[in-house]
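Fold and contact review
Residues per chain, in single letters:
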Amino acid sequence: MTHSSRADHWLGATDPLPLALYRAGFGALLCGECLTRLPYAKELYSSVGFHRSGVGAWAPPPSVAYAFVLVAAAGAAAISLGWRTRAASVVTLAAWTWLHAIDQINEKALHSVIVVVLALLALSDAGAARSLDARRAGGDAPAVWATPLRLLQLQFAQVYFFAGVAKLFAAGWITGSVLQLSLSSRWATDTGLWVASWIPDVAVRLLALLTILYELVGPWLLFVPWARPWVIAFGVSLHLGIQSTLSIGWLGSHFILALVTLYPDPATWRRVFAYVRARLPVGRADGMTAPP
Amino acid sequence: MTAVDTPLRRRVGAVLLAVYALTVLASGFAWPLGHGQRSLWPFNRAWWMFHREDGYYYLLRFAVLYGDGRRDEADLDPWFTWPASSSTRRYTELSRDPATLRVFVRYLCLRHNRDAPPADRWRAISISDTSYRQTRGRRVPFRQVPWPEQRVTEILHDEPCPERTP
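For every chain, the first residue of the written sequence is number 1, and numbering continues from 1 onward in sequence order. Just so you know, chain letters begin at A and ligand numbers begin at 1, following the order they were written in. Selection of residues for local features in this predicted model requires a pLDDT of at least 70, selection of side-chain atom pairs for listing and counting requires 80 or more, and totals for whole chains, interfaces and linings are taken over all residues.

Numbered from the N terminus, helices here are DSSP runs of H or I no shorter than four residues, and strands are runs of E no shorter than two. Helix and strand counts for chain B come out as two helices and four strands. Going residue by residue from the N terminus, the α and β elements of chain B occur as α-β-β-α-β-β. Computed over its C-alpha atoms, the radius of gyration of chain B comes to 24 Å, more than 25% above the 15 Å expected for a compact globule of 166 residues. By its C-alpha atoms, chain B is 80 × 45 × 30 Å across when sized along the principal axes. As a rule, residues whose C-beta atom has 12 or fewer other C-beta atoms within 10 Å are exposed, those with 20 or more are buried, and those in between are partly exposed; C-beta atoms are placed from the backbone. Within chain B, buried positions represent 16% of all 166 residues. Two residues qualify as a contact pair if the distance between their C-beta atoms, derived from the backbone, is within 7 Å. Once local pairs closer than 6 in sequence are excluded, the contacts in chain B between residues at least 24 apart make up 62%. Put simply, the radius of gyration uses C-alpha atoms, and a globule should come to 2.2 Å times the residue count raised to 0.38.

Printed below as a string of structure tokens:
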């Protein structure tokens, strides 16, 4: 890659499809998360609940807390549909960050990743394709600014890498004991408990080492075209395994979404869409009727 | 260059990438280099999934003292319904440092005493942390754990409730 083409890659224009697919999936996942939290808004975000964060003292009355969660859910739905995408991203970022700042007792890695993602979506042209915004503008944009997409790619890659660094320095990860104990911890799902009851220690240790190896090396290889499909396939398998054995909310689904939308060559997705469209029994996937 | 690929966007993009890379790299390596306090939010919250696990279940328990000297165990679950994990509520995730738990005692007292009849008002609360070793492949409820296998640490003893509710 020449200096000029490298600059084009990071700073120039790019295909809008990866951002559009990620935006649609992320918005749907976040909307689901907000709706799951809605019945608990009084406890989690209102002045009636208990908070230990810097802004906990300014937690709003229950009715306002419910309204904030509804705003975040509606904003996330708008992001998913690509309706007023940039404005929806800014509103959802403000609402989610405020809620996240109040409930620090229950804070998880997933929640801070959402803050960064919403900020990057607000910066991006994520609504330029496969969206209501694009339909209103007369069709998908042929290209969008590449930098927000690259920043999103870097965001997920760095989470992998530094999670791997943290495990490398943590006592018990290399030996597999942390993973073994996690499978019987309060975070374990019923499947996790079942796996823990029969899996040999040596297999757990191997899985722990593979996890660390993937987290340290995978994020670099995601940017190497020949290695990318293998890293994505391994990453999806890893996340499916974690998701089925440990209660981590939608962290796994979010990372799978990022792996399959943000990193592959957009031509791959276009081939998938063409394949599906050719096999649809009536009309076309974009709603247009096929010519006779 | 296309309409979306402008010199201004390229300059902004270069600055954003540089700031992002510097922030993330500095934050990411701060902790292993012993300067974790220098890492920046929100990046420094995303790296600790299942970072450690000591093999124990932990449970905070609350013994309340009434005005007439009666003692009872308080059930906080009706106030904390969000499932923090498969077997715990949000209050179980609280830090065990006494300062945090004193603030929690104040919160519990104010919330209970506000509506309770005078005879049922709480005068003080003791908080203990009960832990027991996990059983591989099984989720053993606290009530089924034999007493000798429970490790109980009293963190606060008869921490007084505030005198008046606001």
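Here we take up the pairing of strand 1 (residues 56–66) of chain B. Residue and element names in this part refer to chain B. Being paired, for any two strands, means DSSP has found at least two bridges between them. Of the strand pairs in this sheet, strand 1 and strand 3 (residues 122–133) are connected by eleven bridges, and their pairing is antiparallel. Across the sheet, Phe62 pairs through a bridge with Ile127, a residue of strand 3. Where strand 1 folds back on strand 2 (residues 71–73), the antiparallel hairpin that results is connected by four residues, among which Gly69 adopts a positive phi of roughly 95 degrees.

Residue and element names in this part refer to chain A. Only the stretch in contact is used when fitting a helix axis, every axis being a line fitted to C-alpha atoms; angles between N-to-C directions are given from 0 to 180 degrees. Direction vectors running N to C along helix 2 (residues 17–37) and helix 4 (residues 62–81) enclose 160 degrees, while the axes themselves pass 7 Å from each other. Overall, the two elements helix 2 and helix 4 adopt an arrangement that is roughly antiparallel. Here helix 2 runs over helix 4; the crossing is left-handed. The residues of helix 4 that touch helix 2, namely those facing Arg23, Ala24, Phe26, Gly27, Ala28, Leu30, Cys31, Cys34, Leu35 and Arg37, are Val69, Ala72, Ala73, Ala76, Ala77, Ile79 and Ser80. Here the residues of the contact of helix 2 with helix 4 sort into 13 nonpolar, two polar and two charged. Reported orientations rely on four angle classes, namely roughly parallel under 35 degrees, roughly antiparallel over 145, roughly perpendicular from 65 to 115, and oblique for the rest. Handedness of a helix crossing follows the sense of rotation of the near helix relative to the far helix, less than a right angle counterclockwise being left-handed and clockwise being right-handed. Polar here means any residue outside two lists: the nonpolar Ala, Val, Leu, Ile, Met, Phe, Trp, Tyr, Cys and Pro, and the charged Asp, Glu, Lys and Arg; Gly therefore counts as polar.

Once that is clear, we can look at the interface of chain A and chain B. Between chain A and chain B, the contact holds 47 residues from the first and 45 residues from the second. When contributions to the side of chain A that touches chain B are tallied by element, the ones reaching two or more residues are helix 1 (3–11), helix 3 (41–45), helix 6 (109–123), strand 2 (144–145), helix 8 (146–169), helix 9 (177–182) and helix 10 (190–198) of chain A. Per-class residue counts for the side of chain A that touches chain B are 30 nonpolar, eleven polar and six charged.

Since the α-helix turns once every 3.6 residues, residues separated by three or four places project in the same direction. Residue and element names in this part refer to chain A. For helix 6, spanning 15 residues, the distance from its first C-alpha to its last is 22 Å, which sits close to the expected 21 Å at 1.5 Å a residue. Among the 15 residues in helix 6, eleven count as buried, and that is most of the element. Within the span of helix 6, buried status applies to Leu110, His111, Ser112, Val113, Ile114, Val116, Val117, Leu118, Leu120, Leu121 and Ala122. For helix 6, the secondary structure elements touched by its buried residues are helix 2, helix 4, helix 5 (85–102), helix 8 and helix 13 (251–262). Expected span of a helix, by definition, is 1.5 Å for each gap between consecutive residues, and there is one gap fewer than residues.

The pLDDT value expresses, per residue, how confident the predictor is, ranging between 0 and 100. Averaged over all residues, the pLDDT of chain B equals 90, while 97% of them reach at least 70. Predicted complex metrics record ipTM = 0.89 and pTM = 0.91.

Before going further, it helps to spend a moment on the sheet that holds strand 3 of chain B. All names here are of chain B. Pairing within the open sheet is antiparallel, and its four strands lie in the order 2-1-3-4. Whereas interior strands pair on both sides, the edge strands pair on one side only; in this sheet they are strand 2 and strand 4 (151–160). Direction aside, neighbouring strands of the sheet carry axes that sit 20 degrees apart on average. Sheet analysis places strand 1 next to strand 2, joined by three bridges and oriented antiparallel. The residue of strand 2 that forms the bridge with Leu65 is Arg71. Docked against the sheet, helix 2 (residues 98–115) engages strand 3 and strand 4, running at close to 60 degrees with respect to strand 4.

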